[in-house]
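For reference, the chains in residue letters:
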Amino acid sequence: MTDYRRPKISGATWFFTVNLAERHDNRLLTENIDGLGRVLRKVKTDHPLDIDAIVVLPDHLHCIWTLPRGDSDYSTRWALIKAGFSRGLVPGEGEQSSESRRKRGKRGIWQRRFWEHLIRDDRDYMQHVDYIHWNPVKHGWVKRVSDWKHSSFHSFVEQGIYSLDWATEPVEAVEAGE
């Protein structure tokens, strides 16, 4: 197997995309949102991190994390989140199982890897926050950002960072966060 290398910078802020193995017509994450929330809270308790922004869609999620000073281990956290969520599901539910996965005793819930991006500066941070919150509209799940309930957008509205009608008209800057 290839030696997959990821940057390790302690106390950094990261943007992540994590996908289910089977994305077509799969609503596993939103249908099991309470279980995902429990797992996230447990991992945050055992391995502290700040979830700065998050959106959970039916088949994938995006988030921004800031790790504590002196800590760069986001991979362990993702492994725990994926495993904890998978254990909470009925065997076979939403799975895409291959012989390779079965031989290793792995379930076929998640794609094996995730995508990470080191946040470089305040502008990069806000572009990714905007991208996270715009994502349900981008994928056609809702027409307005405020209509998607599985998003940190609502806490950003409460904090006065966004207005409730933010991005009701498509904005090029939102799409630039890709």
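Our subject is the structure listed above.
Residues numbered from 1 in each chain as written. Predicted model: local features only at pLDDT ≥ 70, side-chain atom pairs only at ≥ 80, totals over all residues. Heavy atoms only, no water.

### Description of the overall build of the chain
Part 1 of the reasoning: When its secondary structure is counted, the chain shows 7 helices and 4 strands.
Part 2 of the reasoning: Residue burial in the chain is summarised as follows: out of 178 residues, 46% are buried.
Part 3 of the reasoning: Residue pairs at least 24 apart in sequence account for 67% of intrachain contacts in the chain once pairs closer than 6 positions are excluded.
Part 4 of the reasoning: Roughly 10,100 Å² of accessible area belongs to the chain as shown, and the carbon and sulfur atoms make up 49% of that amount. (Helix = DSSP H or I, 4+ residues; strand = E, 2+ residues; numbered from the N terminus. Buried < 20%, exposed > 50% of the residue type's maximum accessible area, 1.4 Å probe, protein only. Contact = heavy atoms within 4.5 Å. Areas by Shrake-Rupley, 256 points an atom, 1.4 Å probe, with all protein chains shown as cover.)

### Points about the side chain of Ser-152
Part 1 of the reasoning: Looking at where Ser-152 falls in the secondary structure, it is placed in the loop between helix H5 (122-138) and helix H6 (153-158).
Part 2 of the reasoning: Since its relative accessible area comes to 11%, Ser-152 is described here as buried.
Part 3 of the reasoning: Within the structure, Ser-152 has its side chain in polar contact with the side chain of His-133 (distance 2.7 Å).
Part 4 of the reasoning: If near-sequence neighbours (up to four positions away) are discounted, Ser-152 is found in contact with Ala-53, Ile-54 and His-133. (Polar contact = N/O pair within 3.5 Å; in protein donor to acceptor, adjacent residues only side chain to side chain.)

### Focus on the pairing of strand S2 (residues 50-56)
Part 1 of the reasoning: Inspection of the sheet shows S2 paired to strand S3 (residues 60-66) by 6 bridges, in the antiparallel sense. Looking at S3, one finds that Val-55 is bridged to His-62.
Part 2 of the reasoning: Between S2 and S3, which pair antiparallel in sequence order, lie 3 residues. (Pairing = 2+ DSSP bridges.)

### Here we look at helix H2 (residues 33-46)
Part 1 of the reasoning: Here H2 spans 20 Å end to end across 14 residues, near enough to the 20 Å set by a 1.5 Å rise per residue.
Part 2 of the reasoning: Residues of H2 that are buried: Leu-36, Gly-37, Val-39, Leu-40 and Val-43. Projection of H2 onto a plane perpendicular to its axis shows the buried side chains occupying an angular sector of 165 degrees, all on one side. Residues of H2 that are exposed and point more than 90 degrees away from the buried face comprise Asp-34, Arg-38, Arg-41, Lys-42 and Thr-45.
Part 3 of the reasoning: Buried residues along H2 sit in contact with helix H1 (28-31), S2, S3 and helix H3 (74-87). (Expected span 1.5 Å × (residues − 1). Arc of directions from axis to C-beta.)

### Quick look at unusual backbone geometry
Part 1 of the reasoning: The phi dihedral of Asp-25 falls on the positive side, at around 55 degrees, and the residue is not glycine.
Part 2 of the reasoning: Examined against the element boundaries, Asp-25 turns out to sit in the loop between strand S1 (13-19) and H1.

### Considering the pattern of salt bridges
Part 1 of the reasoning: For the structure on display, the rule yields 5 salt bridges.
Part 2 of the reasoning: Between Arg-23 and Asp-59 there is a salt bridge, with its nearest N and O atoms 3.3 Å apart. Within this pair, whereas Arg-23 is found in the loop between S1 and H1, its partner Asp-59 is found in the loop between S2 and S3, the two being separated by 36 residues in sequence.
Part 3 of the reasoning: We classify Arg-23 as partly exposed; its relative accessible area is 31%.
Part 4 of the reasoning: On the accessibility criterion, Asp-59 (11% relative accessible area) is buried.
Part 5 of the reasoning: Measuring nitrogen to oxygen at the nearest pair gives 2.5 Å for the salt bridge that ties Arg-77 to Asp-71. (Salt bridge = Lys/Arg side-chain N within 4 Å of Asp/Glu carboxyl O.)

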